Amino acid sequence: MKKRPFLLASALLAGLFVFFLALAVTVASFMGRPANFVIGDKIGVVEIFGAIADSRQVIEQLHGFRDNDNIKAIVLRIDSPGGGVGPSQEIHDEVKAIDATKPVIVSMGSVAASGGYYIAAAAREIVANPGTITGSIGVIMEFTNFQELLDKIGLSSVVVKSGEYKDIGSPAREMTSLEREILQDLIDDVHSQFVASVATGRNLDEEAVRQIADGRIFSGRRAMDMGLVDRMGNLDVAIRRAAELTGIDGEPNVVYPPGKSPKFIDLFIEEAIQKLQFALQKQRAVGLQYLWPGFN
C-alpha cells in the first residue's frame, strides 16, 4: 500500500511528460518546423539568409548540431549574395572542419553568390536549383567620393595622420595611383584565397577556377556543368541526400536550431534593420567583401 502514492506520482509525471511532448510536437508542426527532440536519427538544418555580416549565430548553430550525436548530418540552406570577407571565411572554415566528421550538404536557394558560394564550397556536396544565381567568385571594395560636393558647399576636410596611407579611401579627396595599387594588391591577395578555397573544396584545378573567377554569375545548371555544383534540386532533395549519406532509411526527421519563432512584425523590423545596416556598410566601405552587388 505504501508504494501506491509513489506509483501514482510516477504515472502522473510520465503522463505530464507525454502530454507536453505531444503538445510541443503539435505546436512545432503548426509552426512548420519539426521539434528538436524527435526521437531517432535526425538531419539538422541551418539557414543563412541575406547579407553575411556576422558569423557568430551560424557557427553556434553548427556547433550545436555537431555536438549532438542524434544529428547525423547537417544541411546548410544558403540564400545570400555574400557579404563580409571575415564572416564568410569563418563560416567556411567551420563547415570544412565539421564535414570532416559529420556530412554537411549545402542547399542553394534563389541566390548563393560570392560569400554565399565561398561558404558552400567547403561542404561535402552542393545542391542547387537550375535557376539559382551563384558564382560571383571575386572581391569588391567600394568608395564614394564627395570632394566635388564639398567644394560646392564650401566644406573642407582636415586630416592629421600618422602615416602617408592612414586615410586611404577617404571620401574627401581623390585616390592616388599608389593608394589604388595598395588596395588592388590587397584585393588580389584575398581573391587568390577565394580561388584556392573553391579549388580545394570542389577538387578542381586552381587555374581552371581562376578562369571563371572574374565576378561573373551563373545559373545553378551552368554551375553544375563547371563542377561548382553537384546536383539539381530543392531543400528536400538536399535533406534526402544527407539522409542517404548517413544511412537513414525512410523519411528523415528534420530539426532546426532551437529558438522561439519570431512574429511577423519582428521579421519585418529585423529585415529592415539588416538592409539599412547593409546599405550603410556599402556606403562607408568598411572592408573587403565577397559580395554580388546585383542583390537588392
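Residues numbered from 1 in each chain as written. Predicted model: local features only at pLDDT ≥ 70, side-chain atom pairs only at ≥ 80, totals over all residues. Heavy atoms only, no water.

1. Here we look at the nonpolar core
Buried together is how nonpolar side chains tend to be arranged in soluble globular proteins. Membership of the largest hydrophobic core comes to 40 residues, with the highest contact counts inside it found for Leu62, Leu76, Ile91, Val95, Met108 and Tyr117. Dropping the residues within four chain positions of it, Val95 is found in contact with Leu62, Leu76, Val104, Ile119, Ala122 and Ala123. (Core = buried A, V, L, I, M, F, W, Y, C linked by side-chain atoms within 4.5 Å. Buried < 20%, exposed > 50% of the residue type's maximum accessible area, 1.4 Å probe, protein only. Contact = heavy atoms within 4.5 Å.)

2. A word on the side chain of Arg241
As for its placement among the helices and strands, Arg241 is situated in helix H9 (residues 235-246). Judged by its relative accessible area of 14%, Arg241 is buried. A polar side-chain atom of Arg241 sits 3.0 Å from a polar atom in the side chain of Glu244. Ignoring anything within four residues of it in the chain, the contact list for Arg241 reads Glu125 and Arg231. (Helix = DSSP H or I, 4+ residues; strand = E, 2+ residues; numbered from the N terminus. Polar contact = N/O pair within 3.5 Å; in protein donor to acceptor, adjacent residues only side chain to side chain.)

3. Structural notes on a nonpolar patch on the surface
Residues Phe146, Leu149, Ile153 and Leu155 make up a contiguous nonpolar surface patch of roughly 390 Å² in combined accessible area. Of note, Leu149 is situated in helix H5 (residues 147-153). (Patch = residues over 30% accessible without salt bridge, like charges linked within 9 Å, V, L, I, M, F, W, Y side chains within 5 Å. Areas by Shrake-Rupley, 256 points an atom, 1.4 Å probe, with all protein chains shown as cover. Salt bridge = Lys/Arg side-chain N within 4 Å of Asp/Glu carboxyl O.)

4. So, the pairing of strand E1 (residues 42-49)
Taking burial as the measure, the eight residues of E1 include six buried ones, the bulk of the element. In this structure, E1 lies alongside strand E2 (residues 71-80), joined through eight bridges in parallel fashion. Its bridge partner lying in E2, Ile48 is registered against Ile78. As a crossover connection, the stretch from E1 through helix H2 (residues 56-66) into E2 is right-handed. When E1 meets strand E9 (residues 253-255), the two strands line up parallel, connected through three bridges. Across the sheet, residue Lys42 finds its bridge partner in E9, namely Asn253. (Pairing = 2+ DSSP bridges. Right-handed = clockwise from strand over helix to strand, strands pointing away.)

5. Observations concerning the pattern of salt bridges
Evaluated as defined, the whole model comprises 13 salt bridges. In this structure, Glu125 engages Arg241 in a salt bridge whose closest nitrogen and oxygen atoms are separated by 2.7 Å. Separated by 116 residues along the polypeptide, Glu125 in strand E5 (residues 125-128) and Arg241 in helix H9 bring together distant segments of the chain. In this structure, Glu125 and Arg241 share a single accessibility class: buried. The partner of Glu206 in a salt bridge is Arg210, with the nearest N and O atoms 3.4 Å apart. With Glu206 and Arg210 both in helix H7 (residues 206-212) and four residues apart, this pair spans about one turn of that helix. What emerges from the salt-bridge pattern is a single network uniting Glu125, Arg231, Arg241 and Glu244.

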